[in-house]
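Residue-level listing of the chains:
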Amino acid sequence: MSRGLAPSLTSSLEKLAHRLQELDAALADPAVAADNRRYRDLSREHAEVSAVCDLAKRYTQRQADLDSAREMSQEAGDDLDLKAMADEEITQAETDLVQLETDLQTALLPKDPDDARNAFVEIRAGTGGDESALFAADLARMYTRYAEAQGWRTEVMSASESDLGGYKEVVLRIEGAGVYGQLKFESGGHRVQRVPVTETQGRIHTSACTVAVLPEPDEAEEVQINPADLRIDTYRASGAGGQHINKTDSAVRITHIPTGIVAECQDDRSQHRNKAKALAVLAARIRDKDRLERQAKEAAQRKSLVGTGDRSDRIRTYNFPQGRLTDHRINLTLYKLTTIMEGDLGDVIRALVAAQAAEQLAELEAATGV
């Protein structure tokens, strides 16, 4: 039986409908269209909000279909065929409404803002010597093939090859819509069980690789500096430079108070131009500081993502003799390893995405007492 949407869900959908109107108006504004970055961000949000609002419309339509079918069933009287048809529609509509409510709840879950980004996929050989390096190459090929199937673009950023043609380390950049959101679950230890090409006795060996998936940061942007965060000192330039050099306070020293970064310029006779140059240097230094901090954060994130690279530290096992892939986080086992290694990762990724959504829903219900 359809019991209708929860008040909190209805409220969220009403807010999104209002937000969609705001986005429509903003995207029609020539000033927004002239700002490429803002237009891109608003367009992305518009697509996401539109998708949820379309789900809400389908729910409303199926609710209306259910009401009509119930009315038809009551009015059918002795017309058994009409009543049977109405009852069948009631059953189908109720089933659709349950699924649509679940879809709406999932669509309204908090999203990782990084999900829409491109990604760097870093694959490193772990325990297992040459066999581990060969498996690293197999994983790189698997992700490349999957990316091709999704219409994504892949490029090798760096690679350190092993003697037998594998990779000690390879870093891929994958560009496309929602890359990180799909591939982020690949981070961790990947264990392979198979007979290596170097094995003469036919014995099965166990090797391991680590995979780290990191979202690509936005392209370098102009640093936005709050004027209130700046201390600007002017002073007379020193050194040789002609008769004007010591007569005016043309030199400029700018201190960015939150970070303590300082930039100064005294090259020009104009205080205004010196200030502009010092601000440019300051912005570059702040950007570099942000980059270094981000790299440190990514290094810590990478370490937490991949573990030690030991055989026992794994999220997934690839068992070639059995043709089996097992993802240990969600107890998923698939006997289609050959096609998976050719890039057929869809079933694995969809299961991981669904498992995360189910976990978020359970946490939300526990928090709200639903």
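This structure is a prediction, so every number in the text was calculated from the model and none was measured. (Residues numbered from 1 in each chain as written. Predicted model: local features only at pLDDT ≥ 70, side-chain atom pairs only at ≥ 80, totals over all residues. Heavy atoms only, no water.)

(A) Here's a closer look at the overall build of the protein. When its secondary structure is counted, the protein shows nine helices and eleven strands. The long-range fraction of contacts in the protein, counting pairs at least 24 apart against all pairs at least 6 apart in sequence, stands at 61%. When the accessible surface of the protein is split by element, carbon and sulfur atoms take 50% of a total near 21,100 Å². (Helix = DSSP H or I, 4+ residues; strand = E, 2+ residues; numbered from the N terminus. Contact = heavy atoms within 4.5 Å. Areas by Shrake-Rupley, 256 points an atom, 1.4 Å probe, with all protein chains shown as cover.)

(B) Local environment of the packing of aromatic side chains. Enumeration according to the criterion identifies two aromatic pairs in this entry. Their ring planes at 70° and their centres at 5.2 Å tell us that F135 and Y318 sit as a pair that is edge-to-face. Here the residue F135 occupies a position in helix α5 (residues 129-150), and Y318 occupies one in strand β9 (residues 316-319), the gap between them amounting to 183 residues. Classification of F135 as buried rests on a relative accessible area of 0%. Judged by its relative accessible area of 0%, Y318 is buried. Relative to W152, the ring of Y146 lies with its centre 5.7 Å away and its plane at 80°, an arrangement referred to as edge-to-face. The exposure classification of Y146 matches that of W152, with both residues buried. The positively charged end of R194 is found above the aromatic ring belonging to F320, 4.8 Å away from the centroid. (Phe/Tyr/Trp six-rings, centres within 6.5 Å; stacked < 30°, edge-to-face > 60°. Buried < 20%, exposed > 50% of the residue type's maximum accessible area, 1.4 Å probe, protein only. Lys NZ or Arg CZ within 6 Å of the ring centre and 35° of its normal.)

(C) How the structure looks around α5. Under the 1.5 Å per step criterion, the end-to-end length of α5 is 32 Å for 22 residues, consistent within 8% with the ideal 32 Å. Looking one or two residues past α5, G151 carries a phi angle of roughly 80°, positive in sign. (Expected span 1.5 Å × (residues − 1).)

(D) Here's a closer look at the pattern of salt bridges. Counting across every chain of the model gives 28 salt bridges. In this structure, the salt-bridge partner of R124 is E169, at a minimum N-O distance of 3.2 Å. Here E169 lies in strand β3 (residues 167-175) and R124 lies in strand β1 (residues 119-125), a separation of 45 residues in the sequence. A relative accessible area of 23% places R124 in the partly exposed class. When its relative accessible area of 29% is taken as the criterion, E169 is described as partly exposed. Salt-bridge contacts for R153 lead to E155; the nearest nitrogen and oxygen are separated by 3.6 Å. (Salt bridge = Lys/Arg side-chain N within 4 Å of Asp/Glu carboxyl O.)

(E) Region of the structure containing the sheet that holds strand β11 (residues 332-334). Taken together, eight strands build an open sheet; the order of strands is β2-β3-β1-β5-β4-β9-β10-β11 and the sheet is mixed. The strands lining the two open edges of the sheet, one partner per strand, are β2 (153-161) and β11. Averaged over neighbouring strand pairs, the angle between their axes works out to 15° when direction is ignored. (Pairing = 2+ DSSP bridges. Axes fitted to C-alpha atoms, helices over the stretch in contact; angles between N-to-C directions.)

(F) How the structure looks around the sheet that holds strand β7 (residues 251-256). In spatial order, the strands read β6-β7-β8; together these three strands make up an open sheet with antiparallel pairing. Strand pairing shows two members of the sheet lacking a second neighbour, β6 (230-235) and β8 (261-265), which therefore form its edges. Averaged over all neighbouring strand pairs, the angle between strand axes comes to 15°, with direction disregarded. Pairing between β7 and β8: five bridges, direction antiparallel. Bridge pairing in β8 places I254 opposite A263.

(G) Quick peek at the confidence of the model for the protein. Of the residues in the protein, 89% reach a pLDDT of 70 or more, and the chain-wide mean stands at 84. Low pLDDT, under 50, characterises residues 240-246; the stretch is placed with six contacts to residues that sit more than four places away or in other chains. (pLDDT = per-residue confidence, 0-100.)

(H) Representation of unusual backbone geometry. Phi is positive for N331, close to 55°, though the residue is something other than glycine. Topologically, N331 is positioned in the loop between β10 (324-327) and β11. For N331, a relative accessible area of 69% puts it in the exposed group.

(I) Representation of the packing of helix α1 (residues 7-27) against helix α3 (residues 36-75) within the structure. Two numbers describe how α1 lies on α3: the axes approach to 9 Å, and their chain directions differ by 140°. Comparing their axes, α3 and α1 come out oblique. When you trace α1 past α3, the crossing you get is left-handed. For the pair α1 and α3, the contacting residues are L13, L16, A17, R19, L20, L23, D24, A26 and L27 in the first and Y39, L42, S43, E45, H46, V49, S50, V52, C53 and A56 in the second. (Parallel < 35°, antiparallel > 145°, perpendicular 65-115°, else oblique. Left-handed = near helix turned anticlockwise from the far one by under 90°.)

(J) A look at the environment of A47. Topologically, A47 is positioned in helix α3. A relative accessible area of 47% means that A47 is categorised as partly exposed. Counting along the chain gives 27 residues from A47 to L20, while the straight-line C-alpha distance between them is 9.5 Å.

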